[in-house]
Each structure stands twice: as structure tokens, then as C-alpha cells.
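Overview (structure and organization)
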Protein chains: 2
Amino acid sequence: MSRTLHLNAFLMGVGHHEAAWRHPRTDPRRIADVTHFQELARIAERGTLDSVFFADGLAVGPAVRHNIQAVFEPVTLLAALATATEHIGLIATASTTYNEPFNLARKFASLDHLSGGRAGWNIVTSAQAREARNFNLDDHPAHAERYRRAAEFVDVAIKLWDSWEDDALVLDTAAGVFADTDRVHEIAHQGERFRVHGPLNTPRPPQGRPLLVQAGSSADGIAFAARYAEAVFTAQQTLADGQAFYAELRRATAAAGRDPDGVKVLPGIAPVIGGTESEARALADELEALIVPEHALAQLSGMTGLDLTGLPLDGPLPDLPDVSAVQSHQSRYQLVVDLARREKLTIRQLIGRLGGGRGHRVVAGTPEQIADQIELWFTQGAADGFNVMPPLLPHGLEAFVDHVVPLLRRRGLFRHEYTGRTLREHYGLPRPASTYAGRELVTA
Amino acid sequence: MSRTLHLNAFLMGVGHHEAAWRHPRTDPRRIADVTHFQELARIAERGTLDSVFFADGLAVGPAVRHNIQAVFEPVTLLAALATATEHIGLIATASTTYNEPFNLARKFASLDHLSGGRAGWNIVTSAQAREARNFNLDDHPAHAERYRRAAEFVDVAIKLWDSWEDDALVLDTAAGVFADTDRVHEIAHQGERFRVHGPLNTPRPPQGRPLLVQAGSSADGIAFAARYAEAVFTAQQTLADGQAFYAELRRATAAAGRDPDGVKVLPGIAPVIGGTESEARALADELEALIVPEHALAQLSGMTGLDLTGLPLDGPLPDLPDVSAVQSHQSRYQLVVDLARREKLTIRQLIGRLGGGRGHRVVAGTPEQIADQIELWFTQGAADGFNVMPPLLPHGLEAFVDHVVPLLRRRGLFRHEYTGRTLREHYGLPRPASTYAGRELVTA
């Protein structure tokens, strides 16, 4: 196969559906059990998926009353999964808004060393006021400022990963030379937001740099992805929207002077899988019936910035402000507004549509129908692969790996076994050289 | 046994001796191999040791030319060890100077959840200018200010760990109640250095709070330990010094209103073990011969703040400034000055004495002689246990576990098997109740 599909398993508690933890097929106590996540990673590895991924946030609010809450911090969790798996890539979300570049660059370098080159970083900015209040602020910085900080943050991180050249670790026991300090570079970064002298306190990670992933699809997000991202997670509801985003991101990437094939686009898909279409539909209905409406309405109010809690569930959405007035999750906001308008959804219907994947596309059907959708988007210029979001875990991941993956393999779209060793190799992406290679030492 | 010894394995690369990586009994490539550390943790667990521990720093300097450098960040490394072990405690150093309390509280909560209650935090302040330069500063904050920040940092972390009461996670699938938000508390911390609203975004960790460990033995360090620490690592060269420190720390702890038995004191010991005394002496000599003198002298210059690099190795130390003029590692500075004066050491002899444990006590001898020293300090009011620093790894840890531990067991000083499940239980320390238990909800 000349072009291969890429599949990421987005893992979240006992499933992506907001009511997954209430469904009899899950055991919600397992959210605090590392063996649950080790099993999930091994299932994904059995399916030769490219990677597993954990999202993250830096606060909880009242929503924790009705909805599941992650227990583990993603990088520590992935470190525990690294030693329980051999091949699969390990991607964690971490915020550029409330970390220091030195600490985060080091954490991901450590994960890359621990896993033999399987670390990926989903670069995010933190957009909730309640997160800001955990970090000495009253509210989060504005959208554009968050992205400017993110860009300088990633610039610093890249310099730090590059600060040890690949061959700097000499280990010459006879001469007593541990590292060749001519190949360990101070980065002397002096920017608007950060001053970081370097070098990083760890040799260059196996992949050179962890895989850089990004998930914001706003204008700022696309500009950021075009400059830095090697894989992009995105929420797209229709093939046309997916095609438009795919084309736009590739255009922006080329305009930023990069090869568009160096960025893999993975829309989210929440596959509700049944042996028959009606079995799948029944499972989707079971899950929808378990949604707590007050909770879902409060979430939707938070997402839209409007208090919808007094409105009748079976009425329409009120008029919503233009996206430019929104300071967080802009692209997701636009998607929700478009979805409600396009399909003329009542508030109750909208809640049902969002419950399966928080705005990501939900597809209920047989394994063949799911595979058809994946093939369609992959071959029609809307996707290089998918961010797979099983509604129930482990059940939905097992169903995907055991019933959808074999179809994708038979169709020549997906690998039968791992051919690479690192996460970059799974995604067909090159190992970057250190920008300092061959340069003179900058002395202290 | 009414009072039991506590033993912590301090793990560092391929051994604590600064020339360990050059010795034929080690393989320095293993510093980047997680299975090396998994093996070490399993050896320590075979010896029913209380815990393993990793130190940390946030910069490298020119010393990396001749001396081994850690590859892994301690918390990610311990997460990978958590799933390879069942009983042993997992203690990581992390800095209060260059982290945010929310991020660090969460990381240790995550490690505690991952390991089923085996996490410990060695609380440090960062004292090197080159660390400051990786975090937007020109130099590190002064000694007293670092300790004030550390105290408020730990206050915030404790509030965050306590913010979920133990029974806040309800998981009532029928009612759709995930967490009882009456038992999830905002902490609303408004201090001089931090404003943190909370709650933490994870349920209360299995131990309630990770074990709090501290290692500074200056006046500020002792005051801090008296207030917060549950275990203290310390460097003491003589029994008399060890007794004085032990008594002083217990006095300070009582004066701070705490039970002195709630703080376990563990002096460092670097045991150079041989089948005979002359075998042990020969190993110590081999290691000393592998020291790179320019490197050791540069390190000693850094430690004393004086440029000693031009001085003859076989001459005496020059006069050194009073400890009050020193802004970092005050207690270690005093120890080095006292050691050199007491034993009238030349610079070369001092370098040899420091090479084995950076100021910690080195004891070369047979397993019986090592056990005798441990018993002496333990029974004579100088120690509750030891921070064991093997000169070579895995060799020195295996020798300790296989030859010294059985003697300590036979003498009734040390456990034959684990009787507890958590790190706190190993150290005989209580599980703290949440300070919020039973309080009214502070609403948003």
C-alpha cells in the first residue's frame, strides 16, 4: 500500500460517551485502576494501531457531580503503559499555558527514553477560567495571547530537545569522558515570554523530538498546526467539512514552508458498533437514555457561554453570539452552532448528539458500515486516519480492533503488523536532526 | 520487634560513586534503560526495603563531561517502576522553586493512584544559578525566600490532596451521581506567593497524601522538616554528629507541636561491601583511582564557592568562608569544611572522601561490619534507618540485600516480609484525614 491509514485510540475513563460509566457494560471503578489502561493499550496494540492518546484539563468544576473524571495525569499514566507495551505510540496532552518549557520538554524526553521512542505531545492552550484560578490568575489569557505563548513555548522545547546532539553521549570509560560537551549546547533563549539557558538535563530522546500533535481547529489553531504539528486531531461532522479542513490545513502547511504530507490529519470518530445496524442503534439509544439532562444542559451552557438551563429541552436553541466573541474552544463552538442549525435540532436532540463525543462525529453501524465511512473519508481527501473514540471501554475498543481493523486490513488500507519501532515511524514521519548539529559550542 | 529499622535504596545511575560508571562492574549504557531501574526496584523489593528514591536537579553544567547524568525525570520513571513492583515505596525529588503546586500535587496524586499508595515526595528547593537560568531568572532566590515559598507550596499541595474527601467518589450509576460535590472542596488559597482555587482534579490518593520527605539539614531545613517532614534524609559523618542531628530534629518537631516519632530520620550510608575487609578496601581503592581529579576539583570548587582549581592536590584546603555567606546546600558545605578540618585532609584526600557519596558517610567493610554500624546508629539515637547509597549498581544493592539485610533480620532489627501495603504503612506512619472532612461545601 502506498498510502496507509493511521489510527489513534483516544482513551478516556470507561468510554467517550458521557454516560458510559452508567452503562452495565462498564465498571466505573476501573478509572482509578492502572491495569484497566494497560489492558486498553494492549488491545490497541493487538490491533496494530499507531498510538493511544489521553486528553487533559487542569481543573474540575461542578460537572464532576454527574460526569466521569480522569484520575491519572497523562504523562505518568503513559509511563506506566510504556513498560506494559512494546510498539504502540503514547500521546499525552499537556498545556503550554500553565507549565514551564524546561519541565515539559524534560517530561516528554523522559517518556520518549522510557518507551524507546514512542512519545507524542498533544500541544494545547488552557482555556477555562477555572484552570486559570488554579495558577494564580483570575481568568485565562485571551485566545491570541495563548497561541503566541504556545508558539514560543514549543520553540524553546525544540531547542531543548536538540541541545544534546545525537552522538553527545560518549561514555568513554577509559578516558573518563561521559559526554562530549562540544556537542551539548546551551540554547540561550531570550524571548518575549521565556528566558531559558539550557541545555536540557537529559540526552537527546530516541525520536530526536517527541511527535508534535495539535488539536485546535480555529484560525489561530490552524496557523499553529501549519507551523508545528505533525499530527492533527480535529472534530468534523460532515465529509464536506472534513474535506474543507483537510485542504485548508495542507494549504496553510505549504504556505508555512513545510511539506503538507508531514502533517497527518485525524478527525475524531466515535464508532457505536453492533452486529447489525439495529443492534448498533439500540446501543446508541441505551447510552442516550442514560444522559443526565441537567448535566448536559449545564455543559452546553458552558460551551456556548449562554445560560440555557431555564429553557425547555424540546425547544430550539436561542440565537448564539458570533464565534469571534468566544475566547475558548472557538472551533468546537462553531461546530455546535452549525450542527444545531443545519439539522434544526431541539436542545434535547443536540444534547443527544453531543453526548457521544463532545462534538466529534458519532457513527452507529455494523463493522462494514464503520469501515466504509473510514475508507470514504480517507480516499476522498478528508482524512489521513482517525482518532477513534470508543463510546464504552474496553468494549468499544475491542469491537473496533476485532471487527473493524480486520476489514481495513483486507481492503489494503491498514498495516497487518508494525513495521516501525518508533511513533514517528508508525506515522511515516522523519526523525528530525538537531538544529545544533555541527555548530560550534556556545560557551557558558 | 517494637521498633523497626527503615531502609531506603537511593538509586542513581549505575552507582553513587562518582566514578562508578567507569568501573568494569557497571554498564553505563544502562542509565537510559528503564529495565535497569526495574531490576533495581525488584532487588530492593526482594530485600523488603521500605522504598526506592531518586534525587533530581533542573540543569546540567560542564560537569557532565566527566560525571554521569540522569536520563529520566523521577516521577515518570517511578510510574514505570510502580507497575513492575508490588510493595516497595516510590520516592521522587521535585522542586518547589520551579514548579506550580497544582501541577506537582497532581503528579504525586497520580503516582499514588498508579502505585496503590506507594508515592513519596522529597521536597526540595532549587539552589543552583544554572537552574534559575532555565526558568526565566538570572539567579536562584535567596535561601530563606526559597524556604518560605516551599512552606506555602506544601500548604497548598496538602489542601489540594485533601480537597476530595475520602468518600467523595460515589459512582452511583443508578442515580447518575459520579462524585458527591458536597465532599469535593474548593480550597480558595490566597497566599503571598500562590493563589489556587481548587479542588484538585483527581480523587483523594490512596495514602491521603503522599509521604512527605525532606533532605535539607540547615537551620531553615530543620525548621521546615519539623513542620512538614515524615522522613528526613541527612548526611552525617560521625555518630556524634548523627546523634546531635537526631536529637535536634526531634526537639524541633516536638516544638512545632508534632509527635517526634512521626518523623523518621535516615542518614545516608554508602556501603562498600567485600567478603573480607581487605576486599572491601580494595574495591574502595579501585573506585578512588578512577576519579577524574580536574572534575572532582571543579565540583569541590562549586560546592565551596572558591576556585580551588589552581591549588596543589596534595596541599591543604585554604581558609573557607563562614556558612552564613553560602546561599545553597548550607548543611553540606558545613559538613565538608568540618570533615577536612577534623581529619586534616589534603585536597586529594578530601576528593577521595567525597567521591563515594558527595558528603554522605562511606563505610567499607564486610556485611557484618556494615550491619554493626547500622545497628550502632539505630540503637544509639542517631537514626531510625538508613538511606542506602550503593557505590555500584546493581552490584552494591545486590550485595546489601543478599548479605547485609539477612544479618539485620537475624538481629531482629528489620522485617522479614512486608506487613503493610502502602509506603506510609512501611514507615509506620498514619494515613492523614482530610482537613475538609465534615466541613460545609465552599461554593464557587
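This report concerns the structure included in the present document. None of the values given here were measured: they were computed from a predicted structure. (Residues numbered from 1 in each chain as written. Chains lettered and ligands numbered in written order. Predicted model: local features only at pLDDT ≥ 70, side-chain atom pairs only at ≥ 80, totals over all residues. Heavy atoms only, no water.)

1. Side note on helix α5 (residues 143-162) of chain B
Every α-helix carries 3.6 residues per turn, so stepping three or four residues along brings you back to the same face. In plain terms, the rule: In DSSP terms, a helix is any run of H or I states spanning at least four residues, a strand is any run of E spanning at least two, and both are numbered starting from the N terminus. In this scheme, a helix's expected span is set at 1.5 Å multiplied by one less than its residue total. Categorising residues by exposure relies on relative accessible area from a 1.4 Å probe, with only protein chains included: less than 20% of the type maximum marks a residue as buried, more than 50% marks it as exposed, and the intermediate range marks it as partly exposed.
In this model α5 of chain B runs 29 Å from its N-terminal to its C-terminal C-alpha over 20 residues, within 8% of the 28 Å that 1.5 Å per residue would give. Of all 20 residues in α5 of chain B, 15 are buried, a share of seventy percent or more.

2. Examining empty space enclosed by the protein
Residues and elements named next belong to chain B. Note the threshold: Using only the protein atoms, space was sampled on a 1 Å grid; points where a 1.4 Å probe fits but cannot get out form cavities, open sets with protein on both sides within 12 Å along at least five of seven lines form pockets, and lining residues are those with an atom within 4 Å of a point. Grid points are joined across faces, edges and corners, and a volume is the space filled by probe spheres set on the points. Following the grouping adopted for this structure description, the nonpolar residues are Ala, Val, Leu, Ile, Met, Phe, Trp, Tyr, Cys and Pro, the charged ones are Asp, Glu, Lys and Arg, and the polar ones are all others, Gly among them.
What the rule picks out here adds up to one cavity of 30 Å³ or more. Volume-wise, the largest cavity comes out at about 50 Å³. Lining the largest cavity, in full, are E18, A19, W21, R22, H66, L290, I291, V292 and H295. Here the lining of the largest cavity is composed, by residue class, of five nonpolar, two polar and two charged.

3. So, unusual backbone geometry
In this model, G198 of chain A is joined to P199 of chain A through a cis peptide bond whose omega is -5 degrees. Within the element layout of this structure, P199 of chain A appears in the loop between β8 (195-196) and β9 (211-214). Note the cis peptide between L393 of chain A and P394 of chain A, where omega equals 5 degrees. The residue P394 of chain A is located in the loop between β13 (385-388) and α13 (395-410) in this model. Unlike most non-glycine residues, N136 of chain A shows phi in positive territory, near 70 degrees. Mapped onto the elements of the fold, N136 of chain A is located in the loop between α4 (129-132) and α5 (143-162). For R358 of chain B, which is not glycine, the phi dihedral falls at a positive 55 degrees. With respect to the secondary-structure elements, R358 of chain B resides in the loop between α11 (347-355) and β12 (361-365).

4. Structural notes on the pattern of salt bridges
Cut-off, in case you're wondering: The term salt bridge refers to a pairing of a side-chain nitrogen on Lys or Arg with a carboxyl oxygen on Asp or Glu at a separation within 4 Å.
Enumeration over the complete set of coordinates arrives at 56 salt bridges over all chains. The residue D50 of chain A makes a salt bridge to R415 of chain A at a minimum N-O spacing of 2.9 Å. A residue pair is termed long-range when its members are at least 10 positions apart, and D50 of chain A in the loop between α1 (34-46) and β2 (51-54) and R415 of chain A in the loop between α13 and α14 (423-426) qualify at 365 residues. We classify D50 of chain A as buried; its relative accessible area is 0%. Classification of R415 of chain A by relative accessible area gives buried; the value is 7%. Between R3 of chain B and D384 of chain B there is a salt bridge; the shortest N-O distance is 3.1 Å. With R3 of chain B in the segment before β1 (6-10) and D384 of chain B in the loop between α12 (367-379) and β13 (385-388), this pair connects stretches of sequence that are 381 residues apart. The exposure class of D384 of chain B is buried, given its relative accessible area of 6%.

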